[in-house]
Amino acid sequence: MATKPHYEGRNDIEELKDSKGWLLKPGALNIVWGNDNRYWSMPTGSGTRQEEAAKLLQVCWLEVTGSTKNPLSKGKKYGISFTIELMDGAFGWHGCPVFMMAKIGKKGKYRWQKSDLSSLPKNQKLEIPLKTSENKYPFTIDVNPSEDDPVLYFGLYEVWTGKWKGGLNIYQAKIEEISST
């Protein structure tokens, strides 16, 4: 049987120290074409403590997704981000915005926000969407108190332009409960 071209995360998600959020390392994410070494270089280590990144070599279809294995707390708000790095040889990002999308429950409605990676500095780990002094959580999602399926489904996408792009490292995704203070 042939190897599947898509990398399916193992759902080994690390809880944040305060247990109000999660870190998903590359091994916990689903990456389209992630098992094909023409397109991605995946970390060889296992477990959520790995510091290696999933390295995008070249794709025209960027789709990196994940979900929480446990339901989120109803009535709470969560911030979502990806830690990424553009490498010196990064290409194809001009005019090619990346969309972060998230929904609560499989039947939920997606929220989205776009990020322009072409303006980011090279060789520097950054969280996207970029935080500002006024906005520590630029991408958030609310969990309705009456939600039947409070599992978070989210991802990082650029599937619309058909442009080839590469030189992106993805270190982790982070989901944090936002305190109401």
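This write-up is about the structure you can find in this document. (Residues numbered from 1 in each chain as written. Predicted model: local features only at pLDDT ≥ 70, side-chain atom pairs only at ≥ 80, totals over all residues. Heavy atoms only, no water.)

Observations concerning the side chain of lysine 174
Then step 1. Examined against the element boundaries, lysine 174 turns out to sit in strand 13 (residues 166-178).
Then step 2. Residue classification places lysine 174 among the buried residues on the basis of a relative accessible area of 15%.
Then step 3. There is a polar contact of 3.2 Å between the side chain of lysine 174 and the side chain of glutamate 127.
Then step 4. If we ignore the near neighbours within four places in the chain, the residues touching lysine 174 are Leu16, Trp22, Leu23, Gly79, Ile80, Ser81 and Glu127. (Helix = DSSP H or I, 4+ residues; strand = E, 2+ residues; numbered from the N terminus. Buried < 20%, exposed > 50% of the residue type's maximum accessible area, 1.4 Å probe, protein only. Polar contact = N/O pair within 3.5 Å; in protein donor to acceptor, adjacent residues only side chain to side chain. Contact = heavy atoms within 4.5 Å.)

Observations concerning unusual backbone geometry
Then step 1. Going from isoleucine 128 to proline 129, the amide bond is cis rather than trans, its omega being -10°.
Then step 2. Within the secondary structure, proline 129 sits in the loop between strand 10 (126-128) and strand 11 (140-142).
Then step 3. Even without being glycine, tryptophan 33 reaches a positive phi, approximately 70°.
Then step 4. With respect to the helices, strands and loops of the structure, tryptophan 33 is situated in the loop between strand 3 (30-31) and strand 4 (40-41).
Then step 5. Look at tryptophan 33 and you get partly exposed, because its relative accessible area is 32%.
Then step 6. The phi torsion at asparagine 123 lies on the positive side, around 55°, for a residue other than glycine.

Re the pattern of salt bridges
Then step 1. A complete count under the given rule lists seven salt bridges for this structure.
Then step 2. Here glutamate 177 makes a salt bridge to lysine 76, at a shortest N to O gap of 3.8 Å. One end of the pair, glutamate 177, is in strand 13; the other, lysine 76, is in the loop between strand 6 (62-67) and strand 7 (77-91), and 101 residues separate them in sequence.
Then step 3. With relative accessibility at 15%, the residue glutamate 177 sits in the buried group. (Salt bridge = Lys/Arg side-chain N within 4 Å of Asp/Glu carboxyl O.)

A word on the pairing of strand 2 (residues 21-24)
Then step 1. Every second residue of strand 2 is oriented toward a common face, with Gly21 and Leu23 on one face and Trp22 and Leu24 on the other, all of them buried.
Then step 2. Across two bridges, strand 1 (residues 14-15) lies against strand 2 in antiparallel orientation. Residue glutamate 15 lies in a different strand from strand 2, and its bridge partner there is tryptophan 22.
Then step 3. Bridging between strand 2 and strand 13 involves four bridges; their strand directions are antiparallel. By the bridge assignment for strand 13, leucine 24 is matched with alanine 173. (Pairing = 2+ DSSP bridges.)

Considering the side chain of lysine 165
Then step 1. Following the sequence through the fold, lysine 165 ends up in the loop between strand 12 (152-158) and strand 13.
Then step 2. Residue class for lysine 165 comes out buried when judged on its relative accessible area of 0%.
Then step 3. Non-local contacts of lysine 165, meaning those with residues more than four positions away in its chain, are made with Leu56, Leu57, Gln58, Val59, Cys60, Trp61, Leu62, Phe91, Gly92, Trp93, Cys96 and Glu158.

Points about the environment of proline 129
Then step 1. Here proline 129 falls in the buried class, since its relative accessible area comes to 3%.
Then step 2. As for proline 129 and leucine 23, which are separated by 106 residues in sequence, their C-alpha atoms are 16 Å apart.
Then step 3. Ignoring anything within four residues of it in the chain, the contact list for proline 129 reads Ile80, Met100, Gln113, Ser115, Pro138 and Phe139.

Quick word on the nonpolar core
Then step 1. Counting 40 residues, the largest nonpolar core has Trp40, Phe82 and Phe154 as the members making the most contacts within it.
Then step 2. Looking at this core, the elements with two or more residues in it are strand 2, strand 5 (54-56), strand 6, strand 7, strand 8 (98-104), strand 10, strand 12 and strand 13.
Then step 3. Looking at this core, the element that brings in the most residues is strand 7, giving five residues. (Core = buried A, V, L, I, M, F, W, Y, C linked by side-chain atoms within 4.5 Å.)

Details of the packing of aromatic side chains
The geometry of two aromatic rings is summed up by the distance between their centres and the angle between their planes.
Then step 1. Throughout the structure, instances matching the rule amount to six aromatic pairs.
Then step 2. A cation over a ring is seen here: lysine 131 above tyrosine 137, with NZ or CZ 5.7 Å from the ring centre. (Phe/Tyr/Trp six-rings, centres within 6.5 Å; stacked < 30°, edge-to-face > 60°. Lys NZ or Arg CZ within 6 Å of the ring centre and 35° of its normal.)

Don't take any of this as a statement about function, it's just geometry.
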